[in-house]
Amino acid sequence: MDISCLFSSLMPTLRRSLILLFASILAPSFVLAAELNVSRNQLPVNLGQYLDYYEDADGSLSINDVMQGDIPWQRSTQAIPTLGISASSYWFNLVLTSDELARESLMLVLESPTLDLIEYYIAHDEQIVWQEAVGDTVSYTDITQPYRVPILPFDMADAESQTRIYFRVHSQVGIEVPLVLTSSALLAEESQTLLAFFGGFFTFFVLCFLLCATLFFIMREKQFIGFTLFFASTFVFFLAQTGMGRVWFWGSLAEMNNRMSYVSATAIVASFCLIGQSLNLVHHYRDQAVIVLRFLALAMIPSAFYFIFIPFELISVGNVQTLMTIALLVALSVFVMTIFAAIQGSRSAIYLVCSWLLIVLAYLSWLIYKLEFVERSAISSVFGEALVVLAALMVLFSLSEFVRSKNEEFVEARLESKAKGDFLRNVSREFLTPVHLILANSKRLLAAQSSKLDEGTRQHMGTVIKQSDHLHNLINDLLEMAELESDSFEPSFELVEMSHFLNEVKDMMLPSAMEKNLELNTDFASANLLVQTDKSRLQHALVNLLTNAIKYTERGSIVLGYKAVYFKRRLGIEIFIRDTGRGMSEEFQARMFQEFAKEDPGSEKDPQGTGLGLVIVKRMIEKLGGEISFESVKGSGSEFFIRLPLREQMT
């Protein structure tokens, strides 16, 4: 009697133990759907740990198969189920009950804008009452409730009934399911806060992009190309990753969010390569590293076109993983190169090391849950975005240090240039006196003793005179160049009546033209035109141009003229010198305003000028606030145009 009573008392305990034992054995293969009873004060609630899931490897299961079949569901153990990058689809299900929220409208929010397709099915007591497809491959126009991330509004069942949620997820960039149950009011409140945050976040990156682009156009340093591309591509990448790109730009275009993620990722890799190439690094492997980075940067161009134009269903998981791997390897390589540059003493590289470390950490924090190494947490995206913002600040510090160092170099270069200019002027003046004496005395000796000298001696004296004259002109031109480049150069502006002024220039050059039987004419479109300019400087420029025209014209005529034109959006004058000489070759035209440029090098005995005359003319006209241009055809003559404002604007 006592034994039977004892056995009867132990039976419930044994029964419960057997049930738990069988449940633990069968749990991996079959789990009943989780049932969650929700109340209003629980909202919003994270549903991740209440989900059951099943991998549909070939995507063949339909909703009927799922509802009627014996599916071996697995219970999620993660707050955000993280299933890695896979070509498979995954089915999820969940049962909701509520007395307080019966028949009320709620929202399912899936905080993952890059999921390709989510197919929702809402069932009341195993009867489908609503179904909808959302995700990146579905256009805004086909969605009941467009939003930056996939959301689904639905109605809860009656208090006595169950609301069962089935949904299938497919994505080529990794599946993570941060599913939240909330209400439309709570979602709207959260959206206002997020919009303010995203507005500041993206404004910051736009300003960084504009700053780098401006610095590039001002300084023309290759380093700024990489940073400009980095900020532009990062801006687009986060537009896609946060879903704001769908809200602001491409919501009506299906598949565009993921395509922009891929394209911007290739641009980020290219920017890494460009930054690595521009590092001021001294290392015996640097050239090899630069070649590899240059190749990868160029390889990103066809990769970007691939992700833009290939049919979306043909983008494979392998392509995405390859891009991720290349991005990580390039980032780590540039990080190592930056460390070496910092060790070698570059202060700009020190900030860049900090920036690159943050970028690598941000990328790893995004990559490790994409590849299913760890579970995605609720703050993963915020953590990554914060790291990128800090990295961007470090980049700005690096750029400011780079600009500061360049400014110091520029100041030092200006001081060196000024010192060299002062030295050049002083030495040239010292050279000018003896050269002038040699030239004058040689001419006087040749004139006085010409009849007593033999032919060979006269030729030698002629060579001395020509070379001395060439050296005299060269020293004068060097003095003029040094004066134009010095800070002390100040044009002396006065009102000049152009008709009278150009006639004076013509009379000055007429004897030289008559020596070669050339006509020197004037062509004035109007009379009594007053121009505020430096008369002596302009005269010097015109004399140089007319001297060249006479020198290189064998027959025909030379015309000196002017006409009124609009110059830099105000009234100005165009002075032209047209000749019928031999013209200039295209090769010489391309380098005509470079120092010491000559079309005919000449011989040692017969030098053909210093090659500085046109450079002096150009810089002098620019100092007067104007510009010079030309037209020339080999064998048909040349025409030079000098454009000046009628009045110089005072600053």
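This structure is a prediction, so every number in the text was calculated from the model and none was measured. (Residues numbered from 1 in each chain as written. Predicted model: local features only at pLDDT ≥ 70, side-chain atom pairs only at ≥ 80, totals over all residues. Heavy atoms only, no water.)

1. Observations concerning the sheet that holds strand S17 (residues 557–567)
Right, so step 1: Sheet architecture is open: five strands sit in the order S15-S17-S18-S20-S19, paired in mixed fashion. One side of each edge strand has no neighbouring strand; the edge strands of this open sheet are strand S15 (519–524) and strand S19 (627–633). This sheet shows a mean twist of 20° between the axes of neighbouring strands, independent of strand direction.
Right, so step 2: By the bridge criterion, seven bridges tie strand S18 (residues 570–579) to strand S20 (residues 637–645) in an arrangement that is antiparallel. When the bridges of S20 are listed, Ile573 appears paired with Leu644.
Right, so step 3: Contacting S15, S17 and S18, helix H12 (residues 498–515) runs over the sheet at an angle of about 170° to S15.
Right, so step 4: On top of the sheet, helix H15 (residues 613–623) reaches S19 and S20; it is set at about 140° to S19, its chief contact. (Pairing = 2+ DSSP bridges. Helix = DSSP H or I, 4+ residues; strand = E, 2+ residues; numbered from the N terminus. Axes fitted to C-alpha atoms, helices over the stretch in contact; angles between N-to-C directions. Contact = heavy atoms within 4.5 Å.)

2. Thoughts on the packing of aromatic side chains
Right, so step 1: The tally for this structure, following the rule as stated, stands at 32 aromatic pairs.
Right, so step 2: Relative to Phe202, the ring of Phe201 has its centre 5.2 Å away and its plane inclined at 80°; by these criteria the two rings are edge-to-face.
Right, so step 3: With relative accessibility at 3%, the residue Phe202 sits in the buried group.
Right, so step 4: Judged by centre distance (5.9 Å) and plane angle (75°), the ring pair of Phe237 and Trp366 falls under edge-to-face. Of the two residues, Phe237 is situated in helix H4 (residues 223–242) and Trp366 in helix H9 (residues 347–370); the sequence distance between them amounts to 129 residues. (Phe/Tyr/Trp six-rings, centres within 6.5 Å; stacked < 30°, edge-to-face > 60°. Buried < 20%, exposed > 50% of the residue type's maximum accessible area, 1.4 Å probe, protein only.)

3. What to know about the nonpolar core
Side chains that are nonpolar tend, in soluble globular proteins, to be buried together.
Right, so step 1: Phe202, Phe231, Phe272, Val330 and Trp356 are the most contacted members of the largest nonpolar core, which totals 76 residues.
Right, so step 2: When residues of this core are traced back to their parent elements, those giving at least two are helix H3 (184–219), H4, helix H5 (244–250), helix H6 (256–278), helix H7 (286–309), helix H8 (317–343), H9 and helix H10 (380–449).
Right, so step 3: Residue contributions to this core peak at 13 residues, all from H8.
Right, so step 4: Ignoring sequence-local partners within four residues, the contact set of Phe231 consists of Phe205, Cys208, Phe209, Cys212, Ala392 and Val395.
Right, so step 5: Counting 41 residues, the second-largest nonpolar core is a separate cluster that includes Ala513, Ala541, Ala549 and Ala597. (Core = buried A, V, L, I, M, F, W, Y, C linked by side-chain atoms within 4.5 Å.)

4. Structural notes on the packing of H6 against H8
Right, so step 1: At a minimum axis distance of 9 Å, the contact between H6 and H8 shows a crossing angle of 25°. Here H8 runs roughly parallel to H6, going by the angle between their axes. The element H6 and its partner H8 pack so that their crossing is left-handed. Contact residues: Tyr262, Ala265, Thr266, Val269, Phe272, Cys273 and Gly276 in H6; Val320, Leu323, Ile326, Ala327, Val330, Ala331, Val334 and Met337 in H8.
Right, so step 2: Each residue belonging to the contact of H6 with H8 can be placed in one class, and the counts come to 13 nonpolar, two polar and no charged. (Parallel < 35°, antiparallel > 145°, perpendicular 65-115°, else oblique. Left-handed = near helix turned anticlockwise from the far one by under 90°. Nonpolar A, V, L, I, M, F, W, Y, C, P; charged D, E, K, R; others polar.)

5. Description of the sheet that holds strand S2 (residues 45–46)
Right, so step 1: Taken together, the four strands give an open sheet; going across it, the order is S2-S13-S7-S10, and neighbouring strands pair in antiparallel fashion. Each edge of the sheet is formed by a strand with only one pairing partner; in this case those strands are S2 and strand S10 (151–155).
Right, so step 2: As paired elements, strand S7 (residues 105–110) and S10 share five bridges and run antiparallel to each other. From the neighbouring strand, Leu108 faces S10, where its bridge partner is Leu152.

6. What about the environment of Ala79?
Right, so step 1: Tracing the chain through its elements places Ala79 in the loop between strand S4 (74–75) and strand S5 (82–84).
Right, so step 2: Among the residues examined, Ala79 registers a relative accessible area of 33% and is labelled partly exposed.
Right, so step 3: Sequence separation between Ala79 and Leu179 is 100 residues; the distance between their C-alpha atoms is 9.0 Å.

7. A short note on the confidence of the model for the protein chain
Right, so step 1: Looking at the protein chain as a whole, its pLDDT mean stands at 82, while 86% of the residues score no less than 70.
Right, so step 2: Contacts for the low-pLDDT stretch residues 1–31, under 50 throughout, to residues beyond four places or in other chains number eleven contacts.
Right, so step 3: Note on residues 603–607: pLDDT is under 50 here. Beyond four places in sequence and across chains, it has eight contacts. (pLDDT = per-residue confidence, 0-100.)

8. A word on the pattern of salt bridges
Right, so step 1: Scanning the entire structure with this criterion turns up 19 salt bridges.
Right, so step 2: In this structure, Arg537 engages Asp534 in a salt bridge whose closest nitrogen and oxygen atoms are separated by 3.9 Å. With respect to class, Arg537 is no different from Asp534; both count as buried.
Right, so step 3: Connected through salt bridges with shared partners, the residues Lys563, Glu574, Glu627 and Arg643 form a single ionic network. (Salt bridge = Lys/Arg side-chain N within 4 Å of Asp/Glu carboxyl O.)

9. A few points about empty space enclosed by the protein
Picture a little ball the size of a water molecule; that probe, rolled over the atoms, points out where space is still empty.
Right, so step 1: All told, the structure shown has one cavity of 30 Å³ or more when counted by the stated rule.
Right, so step 2: Empty space within the largest cavity amounts to approximately 40 Å³.
Right, so step 3: If you go around the largest cavity, the residues you meet are Val134, Gly135, Ile143, Gln145, Pro146, Tyr147, Val149, Pro150, Ile151 and Arg246.
Right, so step 4: By residue class, the composition of the lining of the largest cavity is seven nonpolar, two polar and one charged. (1 Å grid on protein atoms, 1.4 Å probe; cavity = no way out; pocket = protein on both sides within 12 Å on 5 of 7 lines; lining within 4 Å. Points joined across faces, edges and corners; volume = space filled by probe spheres on them.)

10. Quick word on the pairing of S18
Right, so step 1: Counting buried residues in S18 gives seven out of ten residues, a clear majority hidden from the surface.
Right, so step 2: Where S17 meets S18, ten bridges bridge the pair, whose relative direction is antiparallel. Looking at S18, one finds that Val559 is bridged to Arg578.
Right, so step 3: Here S17 hands over to S18 after two residues, with Lys568 in that stretch at a positive phi of 55°.

11. As for H4
Right, so step 1: The first and last C-alpha atoms of H4 sit 29 Å apart over 20 residues, in line with the 28 Å expected at 1.5 Å per residue.
Right, so step 2: Counting buried positions along H4 yields 16 of 20 residues, so the element is predominantly enclosed.
Right, so step 3: Just downstream of H4, Gly243 is the residue with a positive phi angle, here 85°. (Expected span 1.5 Å × (residues − 1).)

12. Regarding the packing of H6 against H7
Right, so step 1: The interhelical angle for the contact between H6 and H7, taken along N-to-C directions, is 165°, at an axis separation of 8 Å. With respect to H7, the axis of H6 lies roughly antiparallel. For the element pair H6 and H7, the recorded crossing hand is left-handed. Contact with H6, carried on its side by Arg259, Tyr262, Val263, Thr266, Val269, Ala270, Cys273, Gly276 and Gln277, involves Arg286, Val290, Leu293, Arg294, Leu296, Ala297, Met300, Ser303, Ala304, Phe307, Ile308 and Phe309 of H7 and no other residues of that element.
Right, so step 2: Of the residues that constitute the contact of H6 with H7, the class distribution is 14 nonpolar, four polar and three charged.

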